Amino acid sequence: MDPSAVWRDRQHKWRIEAYRAPDLRFAVFATNGTTESAPLWLFGMSALARWLMSHKISLDDLEVD
């Protein structure tokens, strides 16, 4: 199973899943109750880092899922 991490804000539970094949990519999902968003695909670590910084999310905010 590929690794994943979660964090919560006031309205949503967010989940990041990492996929390693054929290249490194990340899927970001937002969950609100029983509804889950379509994945936002980020390709590579630099894209994930930019997305986390733009949303003001620290690595300390992430929990292992």
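Since this is a predicted model, take the numbers as computed values, not measurements.

Colleague: Honestly, the overall build of the chain in this entry has me stumped. Any pointers?
Modeller: Each helix and strand in the chain was counted, giving 1 helix and 6 strands. The N-to-C order of helical and strand elements in the chain reads β-β-β-β-β-α-β. Along the first, second and third principal axes, the C-alpha set of the chain runs to 35 × 25 × 20 Å. In the chain, buried positions account for 34% of the 65 residues. Residue pairs at least 24 apart in sequence account for 20% of intrachain contacts in the chain once pairs closer than 6 positions are excluded. Summed over all atoms, the accessible surface of the chain reaches about 4,800 Å², with 56% contributed by carbon and sulfur. The centroid of the 8 positive side-chain charges in the chain is displaced by 4 Å from the centroid of its 9 negative side-chain charges.

Colleague: Could you clarify how one ought to interpret the packing of aromatic side chains in this entry?
Modeller: Two descriptors summarise a pair of aromatic rings, namely the distance from one centre to the other and the angle between the planes of the rings. Applying the stated criterion across every chain, the model contains 4 aromatic pairs. With 5.5 Å between their ring centres and 50° between their planes, Y19 and W41 make a pair best called tilted. Within this pair, whereas Y19 is found in strand β2 (residues 13–19), its partner W41 is found in strand β5 (residues 40–43), the two being separated by 22 residues in sequence. Residue classification places W41 among the partly exposed positions, given a relative accessible area of 38%. Connected via pairs of aromatic rings, a cluster forms that spans W7, W14 and W51.

Colleague: Would you mind going over the pattern of salt bridges with me for this structure?
Modeller: Side-chain pairing between opposite charges can occur once the charged atoms of the two side chains come close. According to the stated counting rule, one finds 4 salt bridges in the structure shown. In this structure, R8 engages E63 in a salt bridge whose closest nitrogen and oxygen atoms are separated by 3.4 Å. Of this pair, R8 sits in strand β1 (residues 4–8) while E63 is found in strand β6 (residues 63–64), placing the two residues 55 residues apart along the sequence. R15 is the partner of E36 in a salt bridge, and the nearest nitrogen-oxygen pair spans 2.9 Å. A residue pair is termed long-range when its members are at least 10 positions apart, and E36 in strand β4 (residues 35–36) and R15 in strand β2 qualify at 21 residues. With a relative accessible area of 16%, R15 lands in the buried category.

Colleague: What is the right way to read the pairing of β2 from this model?
Modeller: Residues in a regular strand point their side chains to alternate faces of the sheet. With 5 of 7 residues buried, β2 lies mostly within the body of the structure. Pairing of β1 with β2 involves 5 bridges; the strand directions are antiparallel. Considered in β2, the bridge of W7 is made with W14. Joining the antiparallel neighbours β1 and β2 is a turn of 4 residues. With 7 bridges joining them, β2 and strand β3 (residues 25–32) adopt antiparallel strand pairing. Directly across from E17, in β3, lies its bridge partner A27. Once β2 ends, the chain turns through 5 residues before running back antiparallel as β3.

Basis of the calculations
- Residues numbered from 1 in each chain as written.
- Predicted model: local features only at pLDDT ≥ 70, side-chain atom pairs only at ≥ 80, totals over all residues.
- Heavy atoms only, no water.
- Helix = DSSP H or I, 4+ residues; strand = E, 2+ residues; numbered from the N terminus.
- Buried < 20%, exposed > 50% of the residue type's maximum accessible area, 1.4 Å probe, protein only.
- Contact = heavy atoms within 4.5 Å.
- Areas by Shrake-Rupley, 256 points an atom, 1.4 Å probe, with all protein chains shown as cover.
- Lys, Arg positive; Asp, Glu negative; His and termini not counted.
- Charge placed at Lys NZ, Arg CZ, Asp CG, Glu CD.
- Phe/Tyr/Trp six-rings, centres within 6.5 Å; stacked < 30°, edge-to-face > 60°.
- Salt bridge = Lys/Arg side-chain N within 4 Å of Asp/Glu carboxyl O.
- Pairing = 2+ DSSP bridges.

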